[in-house]
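# Breakdown of the fold
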Amino acid sequence: MSTHRYEYLILDVETTVNSSRSFKGTPFDTSNYIVLAGLKYPSGVCHFYDFVNDNDSHPYGIHDKFISDISDTYILVGQNIGFDLHYVRKYMNDEYWYEWIQNVSIWDTQIAEYLLCGHTSKFQSLDALSTKYGGELKDNAIKGYWNSGIKTEEIPKDELTSYLMGDLTNTSIVFEQQRKNPLMEDRKFRKVLSVQMEHRLVTLEMEHNGMKFDQIVCSDELTLLRAHIKMLTQELTEVMDTYIGSYVESNPVSHQHIKLVLSGGELKYDSVKIVADENLNPIKYKTGARAGQFKTKKVVDSQHISGMLDFDIQDTSNSTLKNIVKRHKEDEVGRFCTNVLKLRKVTKDAGTYFEGYSKECWEHDSCIHPNYNHAATNTGRISCTKPNVMNITRKET
């Protein structure tokens, strides 16, 4: 690292978007890389680093030049900077990364805004913050390229550079205005903000390391869960058919059907009636492909259903069904509600934890790399998405 270090540098990168996932620019796809990086200095000067075409313009390569330059600062500033740092890490070995990250602080303008606004400003985009703080909205021509299927590395360099400069300029404006917020004069608030930025570096490491996921075990467990779902569905359908099967196709996951089976009520269902004339004689088609067939029309019929219970229930939530089970442990009602609860659980396990997580697992390291969000909740707590690995209980692991 240089002996001269800048107070701060503004960082932004433009990357490839080679992924089949919903987040196509994810840094955890090994085929993605930086196309163009930019740094904005306190003086206003911007430096750009073409990772595709200019790698021979520096004795040690443009990658090393970029890494050297971002090391010459005390604070690295960015909008949703975790994304950029994941890409920066692709060009560092672990030893250098850990040394570097211990000697630099970050300022994520999205997290800062969230804290400055008392957790009411969630996931604010750079465009939204630029509008608030006096920046200029960027030309959407680059997004037009992406929407048309043109890859980042195929976009004309001058246009991509202009787009990146707009991001750097707006991020700089937002950063300077956030630092002028009266809350920044409060020592306790500054401490909270500093700790939150440190926490972002921790969750960045958690995202990078990921969570190991055994696809073979997953496949075996999923087979067992699907068999269990099939068995429970058949058992529940047989019971429900005795109450509503004459009118509709019983659906064990339908709250309406479950409520009717338990506490009864009016069941509305579609049926087909033969059209009759004024003398109540059925009318037939006289011509065409349906000549000789009775004319019909769809109508909505209703039927009163007598349920298992002698009292009404307001809903069929899990808590309601569990209360019913406590009162009917040994009879048909208790067994029915128990099976409904089991079906809901194994269906969620199969869809969320096995099928869902399997889709989020990367083949190159057999890991799930979730997103930890620092600007998403009303309370200030961290949340997790794509997928939510914070939702796994100890029993489910």
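Further up the page is the structure itself.
Read on for a plain summary of the structure. (Residues numbered from 1 in each chain as written. Predicted model: local features only at pLDDT ≥ 70, side-chain atom pairs only at ≥ 80, totals over all residues. Heavy atoms only, no water.)

## Description of the overall build of the chain
Secondary structure assignment for the chain yields twelve helices and twelve strands. By the compact-globule yardstick of 21 Å for 397 residues, the chain is too spread out, its C-alpha radius of gyration being 30 Å. In terms of overall dimensions, the chain has C-alpha extents of about 95 × 60 × 45 Å along its principal axes. Counting the 397 residues in the chain, one finds 41% classified as buried. (Helix = DSSP H or I, 4+ residues; strand = E, 2+ residues; numbered from the N terminus. Rg over C-alpha atoms; globule rule 2.2 N^0.38 Å. Buried < 20%, exposed > 50% of the residue type's maximum accessible area, 1.4 Å probe, protein only.)

## Comments concerning the packing of aromatic side chains
Note on aromatic pairs: each is described by the distance of the centres and the angle between the planes. Summed over the entire model, instances satisfying the criterion amount to twelve aromatic pairs. Relative to Tyr91, the ring of Phe51 lies with its centre 5.0 Å away and its plane at 75 degrees, an arrangement referred to as edge-to-face. Highlighted residues: Phe51 in the loop between strand S3 (46-50) and helix H1 (62-70) and Tyr91 in the loop between helix H2 (81-89) and helix H3 (94-101), separated in sequence by 40 residues. For Phe51, a relative accessible area of 7% corresponds to the buried category. Judged by centre distance (5.5 Å) and plane angle (50 degrees), the rings of Trp97 and Trp100 are tilted. (Phe/Tyr/Trp six-rings, centres within 6.5 Å; stacked < 30°, edge-to-face > 60°.)

## Thoughts on unusual backbone geometry
Cis geometry marks the peptide bond from Lys386 to Pro387; its omega dihedral reads -5 degrees. Mapped onto the fold, Pro387 is located in the segment after strand S12 (383-385). Unusually for a residue other than glycine, Asn80 sits at a positive phi of about 50 degrees. As for its position among the elements, Asn80 is in the loop between strand S4 (73-78) and H2. Judged by relative accessible area, which is 34%, Asn80 ranks as partly exposed. With a phi angle near 70 degrees, His119 is a residue other than glycine that sits in the positive phi range.

## Here's the deal with the pattern of salt bridges
Within this structure, the stated rule accounts for 13 salt bridges. Measuring nitrogen to oxygen at the nearest pair gives 3.5 Å for the salt bridge that ties Arg179 to Glu176. Of this pair, Arg179 and Glu176 both sit in helix H7 (residues 157-179), three residues apart, which is roughly one turn of that helix. Given a relative accessible area of 23%, Glu176 falls into the partly exposed group. Each member of the salt-bridge network shares a partner with another, and the members are Glu7, Glu176 and Arg179. (Salt bridge = Lys/Arg side-chain N within 4 Å of Asp/Glu carboxyl O.)

## Topic: the state of the cysteines
Summed over the entire model, instances satisfying the criterion amount to zero disulfides. With no disulfide of its own, Cys367 has Cys361 as its nearest cysteine by sulfur position, at a separation of 6.9 Å. According to the relative accessible area criterion, Cys367 is buried, its value standing at 4%. (Disulfide = S-S within 2.5 Å.)

## What to know about the sheet that holds strand S6 (residues 211-212)
An order of S6-S10-S9 is seen for the three strands of this open sheet, with the pairing classed as antiparallel. Unpaired on one side and paired on the other, S6 and strand S9 (361-362) mark the two borders of the sheet. Sheet analysis places S9 next to strand S10 (residues 367-368), joined by two bridges and oriented antiparallel. Following the sheet pairing, Cys361 is matched in S10 by Ile368. (Pairing = 2+ DSSP bridges.)

## Considering the sheet that holds strand S5 (residues 105-108)
Read across the open sheet, the five strands follow the order S3-S2-S1-S4-S5; overall the sheet is mixed. Every other strand in the sheet has two partners, leaving S3 and S5 as the edge strands with one partner each. For this sheet, the mean angle separating the axes of adjacent strands, direction not counted, is 25 degrees. Bridge count between strand S2 (residues 34-40) and S3: five bridges; the pairing is antiparallel. By the bridge assignment for S3, Gly38 is matched with Phe48. Here H1 sits on the sheet and contacts strand S1 (6-15), S2, S3 and S4; the angle it forms with S3, its principal contact strand, is near 150 degrees. (Axes fitted to C-alpha atoms, helices over the stretch in contact; angles between N-to-C directions. Contact = heavy atoms within 4.5 Å.)

## Concerning the environment of Ser271
On the secondary structure map, Ser271 appears in strand S7 (residues 265-274). A sequence separation of 13 residues divides Ser271 from Lys284, and the C-alpha atoms of the two residues are 19 Å apart. Those residues within four positions of Ser271 in sequence are excluded, and the remaining contacts are Lys297, Lys298, Val299 and Asp301. A distance of 2.8 Å separates polar atoms of two side chains, one belonging to Ser271 and the other to Asp301. (Polar contact = N/O pair within 3.5 Å; in protein donor to acceptor, adjacent residues only side chain to side chain.)

## Some thoughts on the nonpolar core
Grouped together as the largest cluster of nonpolar side chains are 51 residues, with contacts concentrated most on Phe66, Leu85 and Trp100. With sequence-adjacent residues up to four places away left out, Leu85 is seen in contact with Leu11, Leu76, Trp97, Trp100, Ile106, Leu201 and Leu204. Phe213, Val248, Ile305 and Met308 belong to the second-largest nonpolar core, a separate cluster that totals 39 residues. (Core = buried A, V, L, I, M, F, W, Y, C linked by side-chain atoms within 4.5 Å.)

## Description of the side chain of Thr316
Tracing the sequence through the fold places Thr316 in the loop between strand S8 (296-305) and helix H11 (318-327). Assessed through its relative accessible area of 3%, Thr316 is described here as buried. Separated by 2.5 Å, the side chains of Thr316 and His255 make a polar contact. Other than its neighbours up to four places away in sequence, Thr316 contacts His255, Ile258, Lys259, Leu321 and Arg344.

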